[in-house]
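Topology and contacts: notes
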Amino acid sequence: MPATIVIGAQWGDEGKGRVADWLAADADIVARYAGGDNAGHTVVVGDNVFKLHLIPSGILHEHVTCVLGNGMVVNPVNLLKEMDQIAALGVEVSPERFMISSRAHLITPAHVALDGASEKALGSQAIGTTLRGIGPAYLDKTGRKGIRAGQMLDIEAFGDALNDMIRRANVTLTAQGAQPLNPDLVTQDYIEAAVRLRPFIRDTSTYVNARLKDGARVLCEGAQGTLLDVDHGDYPYVTSSSPTAGGALIGIGFGPGYVDRVMGVAKCFSTRVGSGPMPTELEGDLASRLRGTGENFWDEYGTTTGRPRRCGWLDAVVLRYAAQVNGFTELFLTKLDVLSGFDEIKIAVGYSIDGKRYEFPPDRLTELEKAEPIYETLPGWSEDITAVRQASDLPAETRTYVQRVGELCETRITTISVGPEREQLIHL
Ligand code: IMP
């Protein structure tokens, strides 16, 4: 550090929460910079499983200050629920340790209703959003009609702004054939939340910069993933923010000179929730084996929505692209233990589209939708590797696999995880 950015290299759910939790041990500040409670980070500490949607996982380290950056969209009611849940597990969430940017935008009931109505109207073209109101909140932000967290400091004016927003949304909802909202009914919880959240609101960019000048180490915790980025992802099957490296600077408000580490996080197979292209997607038995049964929290079911994730072989085309867009200085490979027991393991090393080979995803969706993966097949391994802590104790086939992934995406793999517990890591 001074500043490390942790970024998902695929379509989200790569295991960034556990990576951020590990790196937070050496950080002074952990800040989120994009998205909202569409994210779901699971962190295991001893017998406790923490499912965090908004609060950075750094909150689990007592010495860390956590920041919700200006690039985020925050649902105040859901944030309070999360704060209360983790407080009940004994984690202190005080204004000294947890701050919300006054410039962050708020997700209101209007945004949640509009998200649902928009998805319904899209029918078979639906994006498969998390229905948390993310897209409509960013739409209001860029349309300069949003409500910022700082507006909660003046409760009366906040109530008026909320009412205006709901009235405006009702026009759209009615036009789409959806049920309009009753402002009196839906605003009360938000006004109560505003009263409780006021002590946590401040100019976090100024705070983070002052701490950086004093030598503090800042960890920027990404949400979602590179292929869900509104610019660099599979548009329109993306989220409405910038989870990539550049987004961290905008979404927290500091300059690039502080960044000395950009860590990509990739799962050793592919998963995706929601619609959109996924060239290595598998069906049937292989997909079920990668997905797991759902009995364990680390199986491939959405943390936020519970939806089964689409599963497939690792796509090195995607990783190569993510390394390029973000400028990864290293890669953390997660869930390697899940590949134990496969006779052979495939990696997509390129795409074939209309007979032409591609090393990077094409920039037009119509081309990407035709992509056929070009696979390389590697031998699998049967050993359970969950107890391995040294790279030299890994089966030779596992080491070959990891080395090949690093070569294919031209990035040094520095750490792998072989299970969900904090200590189930191998440093290479
Ligand atoms: P939204 O962010 O709710 O608007 O959803 C847009 C797309 O991003 C959908 O395909 C979602 O499934 C996906 N998405 C949003 N957040 C996450 C996440 O944290 N993990 C994985 N996919 C996500």
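Not measured: the values here are computed from a predicted model. (Residues numbered from 1 in each chain as written. Predicted model: local features only at pLDDT ≥ 70, side-chain atom pairs only at ≥ 80, totals over all residues. Heavy atoms only, no water.)

**Comments concerning the domain arrangement of the chain**
Accessible area lost upon the coming together of the parts serves often as the stated size of an interface. Here the chain is partitioned into domain 1 (3-101 + 200-263), domain 2 (105-196) and domain 3 (266-427). If you average the C-alpha positions of domain 1 and of domain 2, the two centres end up 23 Å apart. If you look at the interface, domain 1 gives 26 residues, while domain 2 gives 22 residues. Where domain 1 meets domain 2, there are 8 residue pairs in polar contact (both at pLDDT 80 or more). When residues of the side of domain 1 that touches domain 2 are traced back to their parent elements, those giving at least two are β6 (73-74), α2 (76-88) and β7 (98-101). It is α2 that provides the largest number of residues to the side of domain 1 that touches domain 2, a total of 5 residues. (Domains from an automatic or database assignment. Contact = heavy atoms within 4.5 Å. Polar contact = N/O pair within 3.5 Å; in protein donor to acceptor, adjacent residues only side chain to side chain. Helix = DSSP H or I, 4+ residues; strand = E, 2+ residues; numbered from the N terminus.)

**Describing the site of the ligand**
In the region of the ligand, 16 residues are neighbours, and D13, N38, T130, T239 and V273 sit closest. One nitrogen or oxygen atom from the side chain of Q224 is found 3.2 Å from a nitrogen atom belonging to the ligand. Interatomic distance of 3.1 Å between a backbone N/O atom of V273 and an oxygen atom of the ligand. For the ligand, whose unbound accessible area comes to 470 Å², protein coverage reaches 96%. Of the residues assigned to the shell around the ligand, the class counts are 7 nonpolar, 7 polar and 2 charged. (Near = heavy atom within 4 Å. Areas by Shrake-Rupley, 256 points an atom, 1.4 Å probe, with all protein chains shown as cover. Nonpolar A, V, L, I, M, F, W, Y, C, P; charged D, E, K, R; others polar.)

**Digging into the nonpolar core**
Across soluble globular proteins, nonpolar side chains have a tendency to be buried as a group. In this structure, L333, L336, L339 and Y401 are the most contacted members of the largest nonpolar core, which totals 58 residues. When we break this core down by domain, the ones giving at least three residues each are domain 1 (3-101 + 200-263) and domain 3 (266-427). If sequence neighbours within four positions are ignored, L336 has contacts with C268, W381, I385, T398, Y401, V402, I416, S417 and V418. Among the nonpolar cores identified, the runner-up in size contains 55 residues, and L60, L68, V93 and F98 belong to it. (Core = buried A, V, L, I, M, F, W, Y, C linked by side-chain atoms within 4.5 Å. Buried < 20%, exposed > 50% of the residue type's maximum accessible area, 1.4 Å probe, protein only.)

**Overview of the pattern of salt bridges**
Scanning the entire structure with this criterion turns up 20 salt bridges. Ionic pairing is found between E367 and R364, a salt bridge with its closest N-O pair at 3.7 Å. A relative accessible area of 15% places E367 in the buried class. (Salt bridge = Lys/Arg side-chain N within 4 Å of Asp/Glu carboxyl O.)

**Quick look at the packing of aromatic side chains**
Under the definition given, this model contains 6 aromatic pairs. Aromatic side chains F254 and Y258 sit 6.4 Å apart centroid to centroid with 55 degrees between the ring planes, which places their arrangement in the tilted category. The lysine or arginine in question, R289, covers the ring of F342, its NZ or CZ lying 4.1 Å from the ring centre. (Phe/Tyr/Trp six-rings, centres within 6.5 Å; stacked < 30°, edge-to-face > 60°. Lys NZ or Arg CZ within 6 Å of the ring centre and 35° of its normal.)

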